Amino acid sequence: MTETQVMDAGDVRRALTRIAHEIVERNKGAAGIALVGVVRRGEPLAARLAGLIERIEGHSVACGGLDIALYRDDYAVRRHEARASSISFDITGKTVILVDDVLFTGRSVRSAIDALMDFGRPAAVQLAVLIDRGHRELPIRADFVGKNLPTQRTERINVKLAELDGEDAVAIAKGDEK
Amino acid sequence: MNLAGRDLLGLEGLEKEAIETILDNATTFSEVLRRDVKKVPTLRGKSVITMFFENSTRTRSSFEAAGKYMSADVINISGSASSASKGESLRDTFLTLQALTADLVIMRTPFSGACHQAAEWVDIPVVNAGDGMHEHPTQGLLDALTIRDAKGSIEGLKVAIVGDVLHSRVARSNIWGLNTLGADVHLVGPKTLLPTDADKLPVTVHTNLEEGLENADVVMVLRLQLERMAKALFPTPREYCNLFGVSKKALRAAKPDAIVMHPGPMNRGLEISGDVPDLPSAVIEKQVTNGVATRMAVLYLLLGAEG
């Protein structure tokens, strides 16, 4: 399998910095917003965005992690390991920025929205992703995108993050679709 | 570890990895139980039938809650309300349940081994919710989870199981499950209430309460199952209480941070003194809550497809 790196640590840092600024600009500040990262790689990305927004706005924003395994629509086909969610704040009335590493078919995001609604009724949900690789199967669109990366369905996007993998990098790999 | 499609009939012989997979998933489901909306859509479209030929409050409602919290359709059938009371054989009853497109059957029966037999008749997973004096695996699992929550790990802990071990399916499941997880299991009770095959079990036996509780990390009190005793196995309840009732005084022999467990229902003032269940070290209610999380994990894992 051949792998081509498309983002290095600097690219990831710049993309997240830009997204943080866009979130603040679009929401006219950070009051009333909360970040929720989709477990696993969305969670550290949300934490980083929360840190960046805090630096821009001068106050902290709520941040948590959301596991979507129990909400997947492909449970009968592919079993997913369930992990606990960690949302220690009330999302009702907040503008929740859902954060994930890769936006692909849109099914994960749909599951994440379902899961989020079980925690409360947010005023709005916006979606931030590091990579949008296309091939949507549902009418879902990201509000904030780090990098648009046109791909073939058979290709894989490998996102590495320092918190989980020891380094920041995004690579595209040729191979059979999993 | 993939448990999809398997039965859960007992903890005897169940692999350590399988037990740990269930406990790890139960920990995840504990988080769901702390939410305002205690419901996830995971098992939507799956149907689960509970078949109880014996009375039960917590086990049955715990399985029902677990199934409903996972969005499965749960159908409860009691033995007396089923066609078994019209003379239908257990085999035909189970084949009917399978033909009703049930995805999993949970069964409680007064007959040891009946769940194993039923599992051979049907292709869908069968979960033993207590069979006679044999096993009660989900109780053993929820007890293991409660101990792990309180102590961090089960390996090397001294667990004293006190009371009517002879009639206790809970004790049998705990003996096997906790032994597999590395605990040092001790049985404590009058000789008449200890299993006759205790020497074949991975346990140490005591007929003296203080000796059995010495340095215990966990004190698990069992209910005196008077309904299963055909004849008197101890002289009087008062004598039993004096010699084997777990009181604050008796607990002094255990470690200062020992936890007290009871699978319920309790006979306060008989096998356990009235004030012990209210001690901070008692985790009896936690056992009940963990029971729901554990059963959610069992349903989740057994009903999962290959993958």
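Residues numbered from 1 in each chain as written. Chains lettered and ligands numbered in written order. Predicted model: local features only at pLDDT ≥ 70, side-chain atom pairs only at ≥ 80, totals over all residues. Heavy atoms only, no water.

1. Thoughts on the overall build of chain A
Applied cut-off: Each helix is a run of DSSP H or I of at least 4 residues and each strand a run of E of at least 2, with the numbering of both proceeding from the N terminus. The globule rule is 2.2 Å times the number of residues to the power 0.38, and the radius of gyration it is compared with is taken over C-alpha atoms. Only protein chains enter the accessibility calculation, which uses a 1.4 Å probe; a residue is then buried when its area is under 20% of its type maximum, exposed when over 50%, and partly exposed in between. Each accessible area is a Shrake-Rupley estimate made with a 1.4 Å probe; only the visible protein chains count as cover when residues are assessed. Residues scored as positive are Lys and Arg, those scored as negative are Asp and Glu, and His as well as the terminal groups of each chain are ignored. Note on charges: their place is set at NZ of Lys, CZ of Arg, CG of Asp or CD of Glu.
The secondary structure content of chain A amounts to four helices and eight strands. Moving toward the C terminus, one meets the helices and strands of chain A in the order β-α-β-α-β-β-α-β-β-β-α-β. What you see for chain A is a C-alpha radius of gyration of 16 Å, in line with the 16 Å of a compact globule of 178 residues. Overall size of chain A, expressed as C-alpha extent along the three principal axes, is 45 × 40 × 30 Å. Within the span of chain A, comprising 178 residues, buried residues form 51% of the whole. Accessible surface for chain A amounts to roughly 8400 Å². Of this, 46% is attributable to carbon and sulfur atoms. Across chain A, 26 positive and 27 negative side-chain charges occur, with their mean positions spaced 2 Å apart.

2. Description of the domain arrangement of chain B
All names here are of chain B. Rules: Domain limits in this description derive from either an automatic procedure or a database domain assignment. Contacts between residues were defined by any pair of non-hydrogen atoms, one from each residue, lying within 4.5 Å. A simple way to read buried area is as the amount of 1.4 Å-probe accessible surface that goes missing from two parts once joined, with both sides added.
Parsing chain B into structural domains produces domain 1 (16–134 + 288–302) and domain 2 (137–284). Taken over C-alpha atoms, the centre of domain 1 sits 26 Å from the centre of domain 2. Every contact between the two is made by 26 residues of domain 1 and, on the other side, 24 residues of domain 2. Taken together, both faces of the contact between domain 1 and domain 2 bury some 2100 Å²; the carbon and sulfur share is 58%. Sorting the residues of domain 1 by area buried against domain 2 places Leu23, Met133 and Asn290 first, and these three jointly supply 28% of that buried surface.

3. Looking at the sheet that holds strand E2 (residues 33–38) of chain A
In a beta sheet, neighbouring strands are held together by backbone hydrogen bonds and run either parallel or antiparallel to one another. Residue and element names in this part refer to chain A. Note the cut-off: Strand pairing is assigned whenever DSSP identifies at least 2 bridges connecting the two strands. Each axis is a line fitted through C-alpha atoms, and for a helix only the stretch in contact is used; angles between axes span 0 to 180 degrees, taken between their N-to-C directions.
Spatial ordering of the open sheet is given by E3-E2-E4-E5-E6, a layout of five strands whose pairing is parallel. With partners counted over all chains shown, the strands left at the sheet margins are strand E3 (62–66) and strand E6 (144–148), one partner each. Averaged over all neighbouring strand pairs, the angle between strand axes comes to 20°, with direction disregarded. Inspection of the sheet shows E2 paired to E3 by five bridges, in the parallel sense. In the strand pairing of E3, Gly37 is matched with Gly65. Helix-sheet contacts for helix H1 (residues 9–26) involve E2, strand E4 (95–103), strand E5 (124–132) and E6, and the interaxial angle to E6 is about 150°. Its contacts with the sheet put helix H3 (residues 107–117) on E2, E3, E4 and E5, and the angle it makes with E4 is roughly 150°.

4. Re the UniProt feature "short sequence motif: PRPP-binding" (unreviewed entry) in chain A
For clarity, the threshold we go by: UniProt positions are given in the numbering used here, feature names are shortened, and annotations may be inferred rather than shown by experiment.
The positions that UniProt labels "short sequence motif: PRPP-binding" (unreviewed entry) are, in the present scheme, residues 96–108 of chain A. This span, residues 96–108 of chain A, is 15% helix and 62% strand, and a straight line between its end C-alpha atoms measures 16 Å.

5. Focus on the packing of helix H5 (residues 137–151) of chain B against helix H10 (residues 284–302) of chain B
All names here are of chain B. What counts, and what does not: Crossing handedness: left-handed means the near helix sits turned counterclockwise from the far one by under a right angle, and right-handed means the same turn made clockwise. Side-chain classes are defined by residue name, with Ala, Val, Leu, Ile, Met, Phe, Trp, Tyr, Cys and Pro counting as nonpolar, Asp, Glu, Lys and Arg as charged, and the others, Gly among them, as polar.
The geometry of H5 relative to H10 is characterised by a closest axis approach of 8 Å and an angle of 120° between their N-to-C directions. Relative to H10, H5 is oriented so that their crossing is right-handed. Two secondary-structure elements touch here, H5 through Thr138, Gln139, Leu141, Leu142, Asp143, Leu145, Thr146 and Asp149 and H10 through Lys286, Gln287, Asn290, Gly291, Thr294, Arg295 and Val298. Its residues placed into classes, the contact of H5 with H10 shows four nonpolar, seven polar and four charged.

6. Considering the pairing of strand E5 (residues 158–162) of chain B
Residue and element names in this part refer to chain B. We count it as follows: Call a crossover right-handed when, viewed with both strands pointing away from you, the route from the first strand across the helix to the second goes clockwise.
Burial analysis of E5 places five of its five residues in the buried class, which makes it a mostly covered element. Here E5 shows a buried face lined by Lys158, Ala160 and Val162 and a second buried face lined by Val159 and Ile161. Inspection of the sheet shows E5 paired to strand E6 (residues 184–188) by five bridges, in the parallel sense. Counted as the bridge partner of Val159 is Val185 from E6. Note on the crossover from E5 through helix H6 (residues 169–180) to E6: the handedness is right-handed.

7. What about the sheet that holds strand E2 (residues 73–78) of chain B?
Residue and element names in this part refer to chain B. Reading across from one edge, E2-E1-E3-E4 is the order of the four strands in this open sheet, with parallel pairing throughout. Every interior strand has two partners, whereas the edge strands, E2 and strand E4 (126–131), have only one. Across the sheet, the mean angle separating the axes of adjacent strands is 15° when strand polarity is ignored. Two strands pair when backbone bridges link them, and strand E3 (residues 104–109) and E4 are joined in this way by four bridges, in the parallel orientation.

8. A word on the UniProt feature "domain: Aspartate/ornithine carbamoyltransferase carbamoyl-P binding" (unreviewed entry) in chain B
Under the UniProt annotation, "domain: Aspartate/ornithine carbamoyltransferase carbamoyl-P binding" (unreviewed entry) lies at residues 6–148 of chain B. As annotated, residues 6–148 of chain B has a helix share of 42% and a strand share of 17%, and its two end C-alpha atoms lie 24 Å apart.

9. What about the nonpolar core?
Applicable threshold: By nonpolar core we mean a set of buried residues, namely Ala, Val, Leu, Ile, Met, Phe, Trp, Tyr and Cys, connected to one another through side-chain atoms within 4.5 Å.
Core analysis: the largest hydrophobic core is formed by 86 residues, its most contacted members being A:Leu66, A:Leu98, B:Phe29, B:Ile106, B:Ile147, B:Ile161 and B:Leu178. A total of nine residues in this core trace back to one element, the largest contributor, which is H10(B). Here this core gathers at least three residues from each of two domains, domain 1 (16–134 + 288–302) and domain 2 (137–284) of chain B. If you look at the next biggest cluster of nonpolar residues, it comprises 31 residues, including A:Ala30, A:Ile33, A:Leu49 and A:Ile157.

10. Some thoughts on the packing of aromatic side chains
All names here are of chain B. Let me state the cut-off plainly: Pairs were defined over the aromatic rings of Phe, Tyr and Trp, the Trp ring being its six-membered one, requiring ring centres within 6.5 Å. Orientation was assigned from the angle between planes: stacked under 30 degrees, edge-to-face over 60, tilted for the rest. The rule for a charge over a ring is simple: NZ of Lys or CZ of Arg within 6 Å of the ring centre, and within 35 degrees of the ring normal.
Tallied over the full model, the rule gives two aromatic pairs over all chains. Between Phe29 and Tyr300 the ring centres are 5.3 Å apart and the planes differ by 75°, which places this aromatic pair in the edge-to-face class. In this pair, Phe29 is assigned in helix H1 (residues 16–33) and Tyr300 in helix H10, connecting sequence segments 271 residues apart. Residue Phe29 shares its accessibility class with Tyr300, and that shared class is buried. Against the face of Phe63 rests Arg295, its NZ or CZ located 4.9 Å from the ring centre.

11. Some details on the environment of A:Ile157
All names here are of chain A. By secondary structure assignment, the location of Ile157 is in strand E7 (residues 156–160). Taking C-alpha positions, Ile157 is 9.7 Å from Thr4, a pair spaced 153 residues apart along the chain. The residues contacting Ile157, other than those within four sequence positions of it, are Val102, Ile131, Arg133, Leu149, Thr151, Val170, Ala171 and Ile172.

12. Examining H6(B)
Because the α-helix completes a turn every 3.6 residues, residues three or four places apart line up on one side. All names here are of chain B. Threshold: By definition here, a helix of n residues has an expected span of 1.5 Å times n minus one. Between N or O atoms, a polar contact is any pair within 3.5 Å; within protein, one atom must be a potential hydrogen donor and the other a potential acceptor, and residues adjacent in sequence are included only when both atoms are from side chains.
With 12 residues, H6 should cover 16 Å at 1.5 Å per step; its first-to-last C-alpha distance of 17 Å lies within 8% of that length. For H6, the tally of buried residues reaches 10 of 12 residues, placing the bulk of the element in the interior. Looking at H6, one finds that the buried residues are Arg169, Val170, Ala171, Arg172, Ser173, Asn174, Ile175, Trp176, Gly177 and Leu178. N-capping of H6 is provided by Ser168, with a side-chain oxygen placed 3.3 Å from the backbone N of Val170. Immediately downstream of H6, the backbone of Gly182 shows phi near 95°, a positive value.

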